Amino acid sequence: MAGVEFYSGILCAGFINAHSHIELSYLRGAIAEGEGFAAFAESIGKVRGNFSEEVRLKAIEEADKAMWQEGVDAVGDIVNGATSFSAKAASPILYHNFVEVFGLRECNLDRQRELLKYPNTSLTPHSIYSVSDAPFREVCAADADKPLSIHFLESTAEAELYRGCGSLHEWYARVGFRCDFLHYGSPAERIVASVPKGRSVLFVHNCEVTTSDIEIILNHFTAPVYWVLCPRSNAYISRLEPRSVEILRAHSHDINICIGSDSLASNWSLSMVEELKMFRNIPLAELLQWATINGAKALGIADKYGSIEVGKRSGVVNITGVDLENLTLTPSAKARRII
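Worth saying up front: this structure is predicted, and the values here are computed from it rather than measured. (Residues numbered from 1 in each chain as written. Predicted model: local features only at pLDDT ≥ 70, side-chain atom pairs only at ≥ 80, totals over all residues. Heavy atoms only, no water.)

> Which residues make up the sheet that holds strand β4 (residues 94-101), and what values go with them?
To summarise the sheet geometry, strands pair through backbone hydrogen bonds and adopt either a parallel or an antiparallel arrangement. Overall, parallel pairing links the 4 strands, which are arranged β2-β3-β4-β5 in an open sheet. Each edge of the open sheet is held by one strand with a lone partner, namely β2 (15-20) and β5 (121-125). For this sheet, the mean inter-axis angle between neighbouring strands, taken without regard to orientation, is 20°. (Pairing = 2+ DSSP bridges. Helix = DSSP H or I, 4+ residues; strand = E, 2+ residues; numbered from the N terminus. Axes fitted to C-alpha atoms, helices over the stretch in contact; angles between N-to-C directions.)

Dropping the structure here:
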């Protein structure tokens, strides 16, 4: 039939990568796998100065191009400097840039605020274990119309820190970091004491989240919250599997799950389909919702992206290697952009 193209597999809306660090693309293969969270965090600090600006920029451009070709329309991207903005300005991908705030010794926000001059940027705390109390609360209270993106319970060490034990506690004691927020008692309690209930939040990783954590958070917030899973990153860093997904799916509230790739410092690629393959027992229709419309809602762009509808700008992705009888992804599944 003239004018009609046929594709094997299935078609879906363009993907929304709800959590990435594209500026770390130059660290691909530079961090050892499987050594645990505290060792991973320490390793980044040791190796990140070993690469030239040219190498960093080239890696960012290649990662951006690969995401676009594999069907990513938009990214919730973490930034700590200006390196990635030139590539983003030339990219067809829409980026929301979460400017990350760190600091356990001294935390002056002037450097982070300087990055707000770039398009689609907002401040966010890095996590519940890496930012002192005052700047954490300050960032959470500002720009209430923009979402936060917070690394949350990526490892058992985060909860253990609040109990005075574990690998993070030992690392901090060794280097002299002081935590002035442990009086909150737990990561979830720190969140609800610090973030206004009307502020939308993307909670990222959630490997060790419990039913109690979910209930504490959902009982506090009136704005939507989103649970971003990055399973291949967790496997790379700590050999963890996405067990928390069953806790999230079993909860009585409506749970908004999204998918992220994290960075090439902690992943083999930024492929959304490879992330989806990690959820072997989840129906494909549900997985695609996580990877498309849920991510668009989390980034506040669902009016334009996340589903194929009249008036939207979503791309169209062809996923091959699908078991069409059982509607599951096979190990050979791949995605490529059609539109």
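> An account of the pattern of salt bridges is needed here, citing residue identities and associated values.
Throughout the structure, instances matching the rule amount to 12 salt bridges. Asp77 is the salt-bridge partner of Lys88, the closest N and O atoms lying 2.7 Å from each other. Of this pair, Lys88 sits in helix α3 (residues 85-89) while Asp77 sits in strand β3 (residues 72-79), placing them 11 residues apart in sequence. The burial state of Lys88 is the same as that of Asp77; both residues are buried. Among the salt bridges present, the one from Glu246 reaches Arg249, with a minimum N-O distance of 3.5 Å. With a gap of 3 residues between them, Glu246 and Arg249 both fall in helix α11 (residues 244-250), about one helical turn apart. For Glu246, a relative accessible area of 41% puts it in the partly exposed group. Each of the salt bridges in this network shares a partner with another, and the network as a whole consists of Glu246, Arg249 and Glu286. (Salt bridge = Lys/Arg side-chain N within 4 Å of Asp/Glu carboxyl O. Buried < 20%, exposed > 50% of the residue type's maximum accessible area, 1.4 Å probe, protein only.)

> Hey, could you go over the side chain of Ser266 for me, with residue numbers and the actual values?
As for its placement among the helices and strands, Ser266 is situated in the loop between β9 (256-259) and α12 (272-276). For Ser266, a relative accessible area of 1% corresponds to the buried category. Only 3.3 Å separates the side chain of Ser266 from the side chain of Asp262, close enough to count as a polar contact. Once residues lying within four places of it in the same chain are set aside, the contact partners of Ser266 are Phe40, Arg232, Ser233, Tyr236 and Ile237. (Polar contact = N/O pair within 3.5 Å; in protein donor to acceptor, adjacent residues only side chain to side chain. Contact = heavy atoms within 4.5 Å.)

> Any details on the packing of aromatic side chains? Residues and values, ideally.
Summed over the entire model, instances satisfying the criterion amount to 11 aromatic pairs. Where Tyr26 meets Phe51, the ring centres are 5.1 Å apart and the plane angle is 65°; that geometry is what we call edge-to-face. Taken together, the positions of Tyr26 in the loop between β2 and α1 (37-47) and Phe51 in the loop between α1 and α2 (53-69) put the pair 25 residues apart, joining distant regions of the chain. Accessibility expressed as a relative area gives 6% for Tyr26, which makes it buried. Overall, the relative accessible area of 26% leaves Phe51 in the partly exposed class. Between Phe279 and Trp290 the ring centres are 5.5 Å apart and the planes differ by 90°, which places this aromatic pair in the edge-to-face class. Taken together, the positions of Phe279 in the loop between α12 and α13 (284-291) and Trp290 in helix α13 put the pair 11 residues apart, joining distant regions of the chain. Taken individually, Phe279 and Trp290 each receive the classification buried, so the pair is uniform in this respect. The rings of Phe152, Phe203, Phe221 and Trp227 are connected pair by pair, giving a single aromatic cluster. The lysine or arginine in question, Arg190, covers the ring of Phe136, its NZ or CZ lying 4.0 Å from the ring centre. Between the NZ or CZ atom of Arg337 and the centre of the ring of Trp68, over which it lies, the distance is 3.4 Å. (Phe/Tyr/Trp six-rings, centres within 6.5 Å; stacked < 30°, edge-to-face > 60°. Lys NZ or Arg CZ within 6 Å of the ring centre and 35° of its normal.)

> An account of empty space enclosed by the protein is needed here, citing residue identities and associated values.
The tally for this structure, following the rule as stated, stands at 1 cavity of 30 Å³ or more. Taken as a whole, the largest cavity spans an internal volume of roughly 50 Å³. Together, His205, Cys207, Leu229, Cys230, Pro231, Asn234, Glu241, Pro242, Arg243 and Ser244 line the largest cavity. Residues belonging to the lining of the largest cavity are distributed by class as follows: 5 nonpolar, 3 polar and 2 charged. (1 Å grid on protein atoms, 1.4 Å probe; cavity = no way out; pocket = protein on both sides within 12 Å on 5 of 7 lines; lining within 4 Å. Points joined across faces, edges and corners; volume = space filled by probe spheres on them. Nonpolar A, V, L, I, M, F, W, Y, C, P; charged D, E, K, R; others polar.)

> Give me the lowdown on the pairing of strand β11 (residues 328-337), citing residues and values where you can.
The pairing of strand β10 (residues 316-323) with β11 spans 6 bridges and is antiparallel. Bridge pairing in β11 places Val322 opposite Leu329. Hairpin connection of β10 to β11: 4 residues between the antiparallel strands, including Leu327 at a positive phi of 50°.

> I'd like to hear about the sheet that holds strand β7 (residues 201-205), residue by residue, with values.
Read from one edge of the open sheet, 4 strands run β6-β7-β8-β9, paired in parallel fashion. At either margin of the open sheet sits one strand with a lone partner, and together these are β6 (148-152) and β9. Sheet twist, expressed as the average angle between the axes of neighbouring strands with direction ignored, equals 30°. Pairing geometry for strand β8 (residues 225-229) and β9, over 4 bridges, is parallel. Its bridge partner being in β9, Leu229 is matched across the sheet by Ile259. Contacts between helix α9 (residues 211-220) and the sheet are confined to β6, β7 and β8, with β8 contributing the most and set at about 145° to the helix.

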